[in-house]
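This is what each chain is made of:
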Amino acid sequence: MAVRENHHRHYQAKQVPLFPLLSLICFLSILLALSAFRKTSAPLQPHQSIQFNNGDRSGRSKAARDGSCDYSDGSWYYDPNLRTSKYDHTCKEIFKGWNCYAANKSNAPQIINWHWKPKQCDLPHFDPVSFLEKFRNINIGFVGDSLNRNMFVSLFCSLKRVPGEVKKWRPAGADRGFSFLKYNLTITYHRTNILARYASWSANADGGELESLGYKEGYRVDVDIPESSWIEAPNFHDILVFNTGHWWWAPSKFDPVKSPMLFFEMGQPIIPPVPPDVGLDKVLQHMIPYVEKRMPPGAIKFFRTQSPRHFEGGDWYQGGSCQRQQPLSPQQAEDLFSLSNNRTNVEVRLVNEHLLKALNGTSFHILNITPMSELRADAHPASAGGKKHDDCMHWCLPGLTDTWNDLFIQHLYNIRS
Ligand SMILES: *[C@@H]1O[C@H](CO)[C@@H](O)[C@H](O)[C@H]1NC(C)=O
Ligand SMILES: *[C@@H]1O[C@H](CO)[C@@H](O)[C@H](O)[C@H]1NC(C)=O
Ligand SMILES: *[C@@H]1O[C@H](CO)[C@@H](O)[C@H](O)[C@H]1NC(C)=O
Ligand SMILES: *[C@@H]1O[C@H](CO)[C@@H](O)[C@H](O)[C@H]1NC(C)=O
């Protein structure tokens, strides 16, 4: 099957530029420069550009000020006179398949008129200039799959609008990176699908434990070794934002029979072999302490929750699509994503169960983008992605991940204040 061959080619050719045609069908999928923090430990100033109608004028409700606001509990409202984004489709960093405006997706102009309103407080659209002013001499890394790249591109395009020289480089193994020189702030994207190192595996003629169980081909996943693309990231960055998810529920790539994930720990195969969801737990059990040990005490670590897909009428390989022009109602989202319905996109809440269990009690902050994103069935590229299949997994840019960054930056302000 052509699709499968393509998967493997893409998979093995890791040096191929990111997100080629196949990235969709592959089912991708501060110590805060302590000194800088000390200098600016004054209380956070009210956000300047308050764009919500019914919020408190400082932009920070009582709930937000005392840190008790649940930003993930809220609803979307439409305001055609306000944009969520600070940039437009001309930002060069936007991957073509995500540029819904340039691709004439019919609702692309409206996607950025939807605003997230948490129940107990407001989520302001962050102001790039005041963000850069407050976060000088800081390195911020996004570590994860193409959905984290989508978020990284949104942040880059927002910051790029601020006048000043930008240097493009790839520090600490990054796939892409930019420094805003006037502010000495660097943001990078470290590409990794499952956080752990993996490589194709085939049976050894001399035999072995996996061979004796009948395994011939697969992928060796070392649950205790970070992928090289980000292994240096904790030493370089003051703030990291991690994600992983789609690839663990991607049997089209890690075919359970033809190319299963074969987990190794301390260089030895895990016997009896475990399924991917158990492998995910083991990877998280190793990667979380890896990061905690290497980052200085003042560093800020986030784990982003899973980004939902919105395939309806089948999965991507079954002709599924996402043609909605408006966000879902909470009931529609519940129907699509509830574990008990076990429908096409059920993995989003499954992934989150694994993440929340592994992160409980750690020093990671949770960036919970799932509930707001579950409602945004209107905000994927769909057929405007220009692929053979609808892209109901990534997000149009400008678009939803602008709000993820508003949330990320609001959390940073709250942590610092
Ligand atoms: C989008 O529409 C414009 C104006 O009609 C056209 O010039 C352009 O080629 C279209 N782009 C795509 C990708 O179809
Ligand atoms: C820029 O920031 C880095 C930390 O991210 C720091 O090590 C370096 O000294 C800063 N450079 C200047 C010129 O302040
Ligand atoms: C969910 O559905 C898939 C097939 O679509 C099936 O393999 C799996 O066992 C189901 N899971 C549960 C918990 O029912
Ligand atoms: C987190 O751990 C505490 C105790 O260690 C437990 O009471 C709580 O239920 C856990 N929460 C989750 C979401 O697992």
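Scroll up for the structure.
Model, not experiment: these values are computed from the prediction.

Novice: Got a sec to walk through the overall build of the protein? Specific residues and values, please.
Specialist: Within the protein, the secondary structure is distributed over 14 helices and 13 strands. For the protein, buried positions account for 45% of its 417 residues.

Novice: Residue-level account of the pairing of strand E10 (residues 261-265), with values.
Specialist: For strand E8 (residues 217-226) and E10, the ladder comprises four bridges, and the chain directions are parallel. Across the sheet, residue Tyr-219 finds its bridge partner in E10, namely Met-261. Relative to strand E11 (residues 268-269), E10 runs antiparallel, the two being bridged by two bridges. Directly across from Glu-265, in E11, lies its bridge partner Gln-268. Here E10 folds back onto E11, and the loop between the two strands holds two residues, one of which, Met-266, carries a positive phi near 50 degrees.

Novice: Go over the site of ligand 4 with me, naming the residues and quoting the values.
Specialist: In the vicinity of ligand 4, the contacting residues are Leu-356, Lys-357, Asn-360 and Gly-361. For the shell around ligand 4, the per-class residue count stands at one nonpolar, two polar and one charged.

Novice: With reference to specific residues and values, describe the packing of helix H7 (residues 146-160) against helix H14 (residues 400-416).
Specialist: The geometry of H7 relative to H14 is characterised by a closest axis approach of 8 Å and an angle of 80 degrees between their N-to-C directions. With respect to H14, the axis of H7 lies roughly perpendicular. Residue-level contacts link Asn-150, Met-151, Ser-154, Leu-155 and Ser-158 of H7 to Thr-401, Asp-402, Trp-404 and Asn-405 of H14. When grouped by side-chain class, the residues that make up the contact of H7 with H14 number three nonpolar, five polar and one charged.

Novice: So, the sheet that holds strand E12 (residues 300-304): which residues are in play, and what are the values?
Specialist: Strand order in this open sheet of seven strands is E4-E5-E6-E3-E9-E12-E13, and the pairing throughout is mixed. The strands lining the two open edges of the sheet, one partner per strand, are strand E4 (166-168) and strand E13 (365-367). Going across the sheet, the axis of each strand differs from the next one's by a mean of 20 degrees, ignoring polarity. Two elements, E4 and strand E5 (residues 176-180), share three bridges in a ladder whose sense is antiparallel. Within E5, the position partnered with Lys-167 by the bridge is Ser-179.

Novice: Can you lay out H7 for me, pointing to particular residues and giving the numbers?
Specialist: Between its first and last C-alpha atoms H7 spans 20 Å; for 15 residues at 1.5 Å apiece the expected length is 21 Å, and the two agree. Of all 15 residues in H7, 14 are buried, a share of seventy percent or more.

Novice: Please provide a residue-by-residue account of unusual backbone geometry, values included.
Specialist: Working note: non-glycine residues mostly have negative phi, and peptide bonds are mostly trans. The omega torsion of the bond from Ile-271 to Pro-272 falls at -5 degrees, within 30 degrees of zero and hence cis. Residue position: Pro-272 is located in the loop between E11 and helix H10 (276-294). Note the cis peptide between Leu-397 and Pro-398, where omega equals -5 degrees. Within the fold, Pro-398 resides in the loop between helix H13 (370-374) and H14. In this structure, Ala-172 is a non-glycine residue whose phi angle is positive, near 55 degrees. Within the element layout of this structure, Ala-172 appears in the loop between E4 and E5. Exposure remark for Ala-172: the 19 C-beta atoms within 10 Å place this residue in the partly exposed category. Here the phi dihedral of Asn-342 falls at roughly 50 degrees; this positive angle occurs in a residue that is not glycine.

Novice: Explain the environment of Leu-400 to me, using residue names and the numbers behind them.
Specialist: With respect to the element layout, Leu-400 can be found in helix H14. When the 29 C-beta atoms within 10 Å are taken as the criterion, Leu-400 is described as buried. For Leu-400 and Asn-150, which are 250 residues apart along the polypeptide, the C-alpha to C-alpha distance reads 9.6 Å. Setting aside residues up to four positions removed in sequence, Leu-400 forms contacts with Ser-373, Arg-376, Ala-379 and Trp-395.

Novice: Explain the sheet that holds strand E7 (residues 196-202) residue by residue, including any values.
Specialist: Sheet architecture is open: four strands sit in the order E7-E8-E10-E11, paired in mixed fashion. Both outer strands of the open sheet, E7 and E11, are each paired with one neighbouring strand and no more. Seen against the sheet, H10 touches E7, E8 and E10 and runs at an angle of roughly 30 degrees to E8.

Novice: Tell me about the pairing of strand E9 (residues 239-242), and please be specific about residues and values.
Specialist: Here E9 shows a buried face lined by Ile-239 and Val-241 and a second buried face lined by Leu-240 and Phe-242. In the sheet, strand E3 (residues 138-144) pairs with E9 via four bridges, with the strands oriented parallel. Opposite Ile-140, over in E9, you have Ile-239 as the bridge partner. As paired strands, E9 and E12 are joined by four bridges and run parallel to one another. When the sheet's bridge partners are listed, Val-241 is paired in E12 with Phe-302.

The rules behind these values
Residues numbered from 1 in each chain as written. Chains lettered and ligands numbered in written order. Predicted model: local features only at pLDDT ≥ 70, side-chain atom pairs only at ≥ 80, totals over all residues. Helix = DSSP H or I, 4+ residues; strand = E, 2+ residues; numbered from the N terminus. Buried ≥ 20, exposed ≤ 12 C-beta atoms within 10 Å, placed from the backbone. Pairing = 2+ DSSP bridges. Near = placed C-beta within 6 Å. Nonpolar A, V, L, I, M, F, W, Y, C, P; charged D, E, K, R; others polar. Axes fitted to C-alpha atoms, helices over the stretch in contact; angles between N-to-C directions. Parallel < 35°, antiparallel > 145°, perpendicular 65-115°, else oblique. Contact = placed C-beta atoms within 7 Å. Expected span 1.5 Å × (residues − 1).

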